[in-house]
Amino acid sequence: MSQPAPSAPAPVRVAVIGAGLMGREVASAFGRWFALLDCPVRPELVAVCDTRAAALDWFRQVPTVSFLDTDYHALLARPGIDVVYVAVPHHLHESIYLDVLRSGKDLFAEKPFGIDLAAARRVRDEAVRLGRFVRVSSEFPFLPGAQRALQLAASGSLGRILEVRSAFLHSSDLDPSKPINWKRQSQYCGEAGVMNDLGLHVAHVPLRLGWKPVSVHAQLQKIYATRPDGRGGAAPCDTWDNATLHTSAVIGGHPVPMTLEMKRMAPGETNTWIFEALGTDRGVRFSTKEPKTLWTYRREKEQVWEKTDLGFGTPFKAITGSIFEPGFPDILMQMWAAFLAERAGLLGDRFGCATPDEAVAQHEVWAAALASQRDQAVVRL
Ligand SMILES: NC(=O)c1ccc[n+]([C@@H]2O[C@H](COP(=O)([O-])OP(=O)(O)OC[C@H]3O[C@@H](n4cnc5c(N)ncnc54)[C@H](O)[C@@H]3O)[C@@H](O)[C@H]2O)c1
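Residues numbered from 1 in each chain as written. Predicted model: local features only at pLDDT ≥ 70, side-chain atom pairs only at ≥ 80, totals over all residues. Heavy atoms only, no water.

Time to look at the site of the ligand. Neighbouring the ligand are 23 residues, the closest being Asp50, Arg52, Lys111, Glu139 and Lys183. Leu21 is positioned with one of its backbone polar atoms (N or O) 3.1 Å from an oxygen atom of the ligand. Within the side chain of Ser137, an N or O atom sits 3.3 Å from a nitrogen atom of the ligand. The residue inventory of the shell around the ligand, partitioned by class, reads 10 nonpolar, 7 polar and 6 charged. (Near = heavy atom within 4 Å. Polar contact = N/O pair within 3.5 Å; in protein donor to acceptor, adjacent residues only side chain to side chain. Nonpolar A, V, L, I, M, F, W, Y, C, P; charged D, E, K, R; others polar.)

As structure tokens, then:
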């Protein structure tokens, strides 16, 4: 006779608004949650909303999904939803995020957390007023290499920090025949353009380390002014494509040059996330270009760069063998595990997701960068 199973804690019931690229990744992460060994909380995707009915069809194969809505107000009115994940174009962030909060649910928000600084502040302040748990999606720091780089940078063992580089680089926009989409138009993506699109990925680790820029000199580039509109014509492409921010951060009491790069046109780079911090004694460099390689520098009689092969050293343990290498779906799952564990007060000393304050702080940097570009000047924060 088999023993009755011990009663499992009730799952956290999650709904998704925005069933595009990211909405489906979330369903996929939840669908293999049993791969995690030590996450104290289990999610269940129960409802999905998208204005495009066709986008909802894919979710019919997800057994836990009971409700498919084309109006997000209908989804928010449903009982039995604990958390809403919203992945919609940036011009809709503020109104939908505020409606989620006011419906009594917690929010996992997509970056950049509002189309601009003012929107981000309004959402952050409303979440505080209502006492909701809110975090913002940024998954790359959950890679083992990023975790190790972060730990080393935070350890104080680098000596006096000399320079920092954080970057996120794409290249598919180099193709001028790539059709326009909402991320390439300011009215939907926001005036900050590529900084809105890729910026939190770049700012998350420096901000967590307390390395917020105190000044910014920005070089922003618009490269192709139009793109095919998909109907035989051309549409304006008016967002900043590449952003290189020469910033200064105060680290250990000293001003340190910190370069933040967000690029849609970086030749040869498909989805490359880079973090590098060099100090007088040690240094660290991690790039998704070499996803299982951690480079560390140490100064001895001779100067040494060492290469460490990393395994599956994610914050939450998984069934995956310790020598295997993780990828995007794994870190998305790790990020969700951190969100749910922190919401339940069970994160412990693991790395937590980006906070609303960090999302507001990144917008402060992007606003300063826009002012720097406009005035061709260094802007103080
Ligand atoms: N964390 C990451 O790595 C990552 C990657 C890509 C995109 N994003 C972010 O995710 C968000 C969405 O980006 P995406 O690439 O998934 O976009 P997408 O265009 O693939 O999907 C957006 C979806 O939202 C739907 N939508 C639009 N208005 C809606 C409404 N009023 N109600 C319900 N659904 C609506 C659209 O029909 C579409 O299916 C953005 O904030 C983007 O910056 C994050």
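Strand order across the open sheet formed by 9 strands is E16-E15-E14-E13-E7-E12-E11-E8-E17, with mixed pairing between neighbours. Either end of the sheet is taken by a strand with one partner, and the two such strands are strand E16 (303-309) and strand E17 (379-380). Docked against the sheet, helix H8 (residues 194-208) engages strand E7 (161-169), strand E8 (213-221), strand E11 (242-251), strand E12 (254-263) and strand E13 (272-279), running at close to 140° with respect to E12. Across the sheet, helix H10 (residues 356-375) is in contact with E8, E11, E12 and E17; its angle to E8 comes to roughly 55°. (Pairing = 2+ DSSP bridges. Helix = DSSP H or I, 4+ residues; strand = E, 2+ residues; numbered from the N terminus. Contact = heavy atoms within 4.5 Å. Axes fitted to C-alpha atoms, helices over the stretch in contact; angles between N-to-C directions.)

Taken residue by residue, helix H4 (residues 93-102) has His93, Ile96, Tyr97, Leu98, Val100 and Leu101 as its buried positions. Turning to H4, the residues buried within the fold contact strand E1 (12-17), helix H3 (72-76), strand E4 (83-86), strand E5 (106-109), helix H5 (117-130) and strand E6 (134-136). (Buried < 20%, exposed > 50% of the residue type's maximum accessible area, 1.4 Å probe, protein only.)

Bringing the sheet that holds E6 into the picture now. Pairing is parallel across the open sheet formed by 6 strands, whose spatial order is E3-E2-E1-E4-E5-E6. With one partner strand each, in any of the chains shown, strand E3 (67-69) and E6 form the two edges of the open sheet. Put simply, the sheet's adjacent strands are angled 25° from each other on average, direction ignored. Across 3 bridges, the pairing between strand E2 (residues 43-49) and E3 is parallel. If you follow Cys49 over to E3, its bridge partner there is Asp69.

Below, the discussion takes up unusual backbone geometry. Across residues other than glycine, the phi torsion is negative in most instances, and most of the peptide bonds are trans. Look at the link from Lys111 to Pro112: it is a cis peptide, with omega at 5°. Among the structural elements, Pro112 can be located in the loop between E5 and H5. If you check the backbone angles, Phe113 has positive phi at about 70° while not being a glycine. Its place among the elements puts Phe113 in the loop between E5 and H5. The buried category is assigned to Phe113, whose relative accessible area is 0%. A positive phi angle is found at Gln376, which is not glycine, with a value near 50°. Along the polypeptide, Gln376 turns up in the loop between H10 and E17.

On to the packing of helix H1 (residues 21-31) against helix H9 (residues 328-343), then. Closest axis-to-axis distance for the H1/H9 pair is 9 Å, and the angle between their directions is 80°. Accordingly, the angle class assigned to the pair H1 and H9 is roughly perpendicular. Counted together, Met22, Glu25, Val26, Ala29 and Phe30 of H1 and Phe328, Leu332, Met333 and Trp336 of H9 form the full contact between these two elements. By residue class, the composition of the contact of H1 with H9 is 8 nonpolar, no polar and 1 charged. (Parallel < 35°, antiparallel > 145°, perpendicular 65-115°, else oblique.)

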